[in-house]
Amino acid sequence: MAVMTVTLSMKAEELKSPDGNMVLRFEVRNGSPVYRLDYKGKPVIRDSRLGLELKDVDDLLTGFVLSDVQRSTFDETWEPVWGEWKTIRNHYNEMAVTLSQTSTERDMVIRFRVFDDGLGFRYEFPEQDELVYFVIAEERTQFAMTGDHTAYWIAGDYDTQEYDYTTSRLTEIRGLMKQAVTPNASQTPFSETGVQTALMLKTDDGLYINLHEAALVEYSAMHLELDDRSLVFESHLTPDAQGNKGYIQAPFNSPWRTVIVGDKAATILESKITLNLNEPTRFEDTSWIKPIKYIGVWWEMITGKSSWAYSDLPAVKLGVTDYSKVEPNGKHGANNEHVKMHIDFAAEHGFDAVLVEGWNVGWEDWFGKSKDYVFDFVTPYPDFDVEMLNAYAAEKGVRLMMHHETSSSVRNYERHMDAAYQFMVDHGYNSVKSGYVGDIIPRGEHHYGQWMVNHYIYALEKAAEYKIMVNAHEAVRPTGLSRTYPNLLANESARGTEYEAFGGSKPDHTTILPFTRQIGGPMDYTPGIFEQDIKKLNPDNHSWVNTTIARQLALYVTMYSPLQMAADLPENYLRFMDAFQFIKDVAVDWDDSRVLEAEPGDYVTYARKAKGRDEWFVGCTVDENGHTSEISLDFLDANRKYEAIIYKDAKDAHYKNNAQAYKIEKKKVSSKTKLKIQCAPGGGYAISFRPAE
Ligand code: NOJ
Ligand code: CA
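Residues numbered from 1 in each chain as written. Chains lettered and ligands numbered in written order. Predicted model: local features only at pLDDT ≥ 70, side-chain atom pairs only at ≥ 80, totals over all residues. Heavy atoms only, no water.

(A) Seen up close, the coordination of the calcium ion (ligand 2). Within the protein, the calcium ion (ligand 2) binds to G601 (O), D602 (OD) and D623 (OD); these donor distances fall in the range 2.3 to 2.6 Å. Classification of G601 as buried rests on a relative accessible area of 8%. Here D623 falls in the buried class, since its relative accessible area comes to 3%. (Donors = N, O, S within 2.8 Å, 3.2 Å for Na, K, Ca; no water. Buried < 20%, exposed > 50% of the residue type's maximum accessible area, 1.4 Å probe, protein only.)

(B) Representation of the pairing of strand β9 (residues 118-125) in the model. The element β9 is largely enclosed, with a buried count of eight among its eight residues. Burial along β9 is two-sided: the residues G118, G120, R122 and E124 and L119, F121, Y123 and F125 are all buried. Across seven bridges, strand β8 (residues 106-115) lies against β9 in antiparallel orientation. The residue of β9 that forms the bridge with R113 is G120. (Helix = DSSP H or I, 4+ residues; strand = E, 2+ residues; numbered from the N terminus. Pairing = 2+ DSSP bridges.)

(C) Quick peek at the site of ligand 1. Around ligand 1 there are 13 residues in total, and W298, E357, E405, K433 and H473 lie nearest to it. In the environment of ligand 1, an oxygen atom lies 2.6 Å from a nitrogen or oxygen atom belonging to the side chain of E405. A distance of 2.6 Å is found between an oxygen atom of ligand 1 and a side-chain nitrogen or oxygen belonging to K433. Of the residues contributing to the shell around ligand 1, the split by class is five nonpolar, two polar and six charged. (Near = heavy atom within 4 Å. Polar contact = N/O pair within 3.5 Å; in protein donor to acceptor, adjacent residues only side chain to side chain. Nonpolar A, V, L, I, M, F, W, Y, C, P; charged D, E, K, R; others polar.)

(D) Seen up close, the sheet that holds strand β36 (residues 684-691). Taken in spatial order, the six strands make up an open sheet running β29-β30-β31-β36-β33-β34, and their pairing is antiparallel. Where the open sheet ends on each side, the last strands, each with one partner, are β29 (590-599) and β34 (662-669). Mean inter-strand twist for the sheet, computed between neighbouring axes without regard to direction, equals 15 degrees. Pairing geometry for strand β33 (residues 642-649) and β36, over seven bridges, is antiparallel. Looking at the pairing, Y642 lines up with P691 of β36. The strands that helix α12 (residues 549-558) touches are β29, β30 (603-610), β31 (616-622), β33, β34 and β36; relative to β31, the one it contacts most, it runs at about 120 degrees. Against the sheet, helix α14 (residues 577-585) contacts β31, β33, β34 and β36, and its axis sits at roughly 125 degrees relative to β33. (Axes fitted to C-alpha atoms, helices over the stretch in contact; angles between N-to-C directions. Contact = heavy atoms within 4.5 Å.)

(E) Examining the pattern of salt bridges more closely. Tallied over the entire structure, the rule returns 46 salt bridges. As a salt-bridge pair, E14 and R25 come within 3.2 Å of each other at their nearest N and O atoms. Taken together, the residues span a long stretch of sequence, with E14 in strand β1 (residues 13-16) and R25 in strand β2 (residues 22-29) at a distance of 11 residues. Judged by relative accessible area, R25 falls into the partly exposed class, the value being 27%. Close ionic contact of R122 with E124 constitutes a salt bridge, the shortest N to O distance being 2.8 Å. R122 sits in the buried class, given a relative accessible area of 11%. Residues joined in a network through salt bridges with shared partners are E94, R111, R113, R122 and E124. (Salt bridge = Lys/Arg side-chain N within 4 Å of Asp/Glu carboxyl O.)

(F) A look at helix α8 (residues 386-395). For α8, the complete set of buried residues consists of V386, L389, N390, Y392 and A393. Burial along α8 is one-sided: seen end-on, the buried residues are contained in an arc of 160 degrees. Away from its buried face by more than 90 degrees, α8 exposes E387, A394 and E395. As for α8, its buried residues are in contact with α6 (336-349), β24 (399-405) and α9 (410-427). (Arc of directions from axis to C-beta.)

(G) Summary view of the layout of surface pockets. What the largest pocket holds in volume is close to 1,300 Å³. Lining the largest pocket are 50 residues, with W366, F367, V437, G438 and F502 positioned closest to its centre. Those elements that place two or more of their residues in the lining of the largest pocket are α5 (299-302), α7 (363-366), β24 and β25 (431-435). Looking at the lining of the largest pocket, its residues break down into 16 nonpolar, 19 polar and 15 charged. Counting residues per element, the ones that place at least two in the lining of the second largest pocket are α3 (265-270), α4 (273-276) and β30. With three residues, α4 is the largest single contributor of residues to the lining of the second largest pocket. Grouping the constituent residues of the lining of the second largest pocket by class yields 18 nonpolar, 10 polar and five charged. (1 Å grid on protein atoms, 1.4 Å probe; cavity = no way out; pocket = protein on both sides within 12 Å on 5 of 7 lines; lining within 4 Å. Points joined across faces, edges and corners; volume = space filled by probe spheres on them.)

Structural data, given as structure tokens:
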């Protein structure tokens, strides 16, 4: 018996991708599970250990023998409810290894799936007598790097992802960690070398590698802790209030750990691994789920031009029950006339919905005044007539979008959820933007811990019962769960456009997000800001939006989402109606998506075909250095001519001081046309293509 064990453990089990280029090797070495990954003969992940440390009982790291290996192949094509592609192929080779820990009589399975563009693997804990309930002290999954790669990273943090990205060598992370924190933000990195996923990496010999997770369910979000001498990343799960990392009952499967690999940056952006590793939806009827293009009573509050609150006093705290007796502050955005103006604007320009924040009582009690204030999600301010406004919107073919700021009082939200969603149904709302600003209540829980991960999914399941679509802000970074829960249209879960009104974001931000935050799913980035100088909206706010107008148009294509906002004020769109036309025209759901050129931190150019129509849209976003973009239009139907409308930076445009200088050009083109377009520093371009008559 012992001899057999040794022989088995000496021989690595090999699993290749369908095209043979990606090779996983697995073995049990001295009782410990070890894997490595190679791509086209080059090492991607060096020998790395797998396993978990448990609380109060023996760990699941050592003492294993390999007791079974099962292999299979899978090839299936499926259709997402909405997405970047009409159909998605899920093609991989699989190997499930059973590891037996003889001393404890416990079994653990590690399931590997190797795709042409990467690897997914997870831990499985089958039902068994000796492993029923257990507490994870830490997951110890390693990703051993092959060199001092360039990394595009944000700090590991249990509660916020709203960081600007830092581009550095792995060995420079420690030295840059302090600097990676934005002044005045509530960012607290948990260590000097901890980073978040999706982590984007580039090797010196031109490999692009992305580390993330898929199907984060009933588990804590994974961060990566770097040992910067050995260049080994190890998983670091988000703890709960007790410091525990997860409460598990077998049978149970962990989320998938993913390694996407390619020799072109585009491979990372075009990968379907994250979606493919999620379960198909169990919703039988998805006809109520529809992509949304919306405007909102929102940017004016973000910039400080108007307020969420109706008054300046903490009314509820003062015992006020009748808000019409409260002195209004004269700055309340969500008032009847103003909302009607937005509905009119949305109807006139073809938007589906109008988000209204600050419609419900309590903002003066919560925002900065009483940290523990809880909202009830059903009581409007006196100047917001829920019935009248929803009827007015319905008449014009527009929906209002609900807003639930939960104030992070999560149990309070759960208690009110049925009433809140029923209130929406009763008044004609079919989508909600939810938010989790501030520390989680109950205290000590974290935004990315298992308890909150469960909550976000509970909110989605409940919303589905009411046929409600969800856009959750400050929620955990997505991991492809929109395949299972297609009513999760988008998340924020990264540094969005709002930061451009809070001091600004780095000009290369939108060239990195597609490689990081968006690997897991769509982002409600809220693009479309035409006025960069925020003091024109609020004299006290000296922020500058680090972008040209042309680039803002590009983001509707490069920042994939089935939920897209035109975030600026209607009055700013009225000043640039010719550029605004692109936002009106651009699709929000796609049959096909192609990366035309991409380099993280420098530029990203996408072409996408509108769902069900022969119309294409191209977007290009670039960093502070500008870029000459050369693209071929070979994605167009070769048998047709198209009219292209090109929205590009003017020659002298610059994100810092000449951001509104753009040029619009009309051109007849075909699939043989090549375009060369100059992008300004912090700029970009957008193009729409329609078949020419
Ligand atoms: C933060 C969200 O990202 C923002 O969009 C929202 O307006 C505020 N929270 C208030 O809920
Ligand atoms: Ca750059």
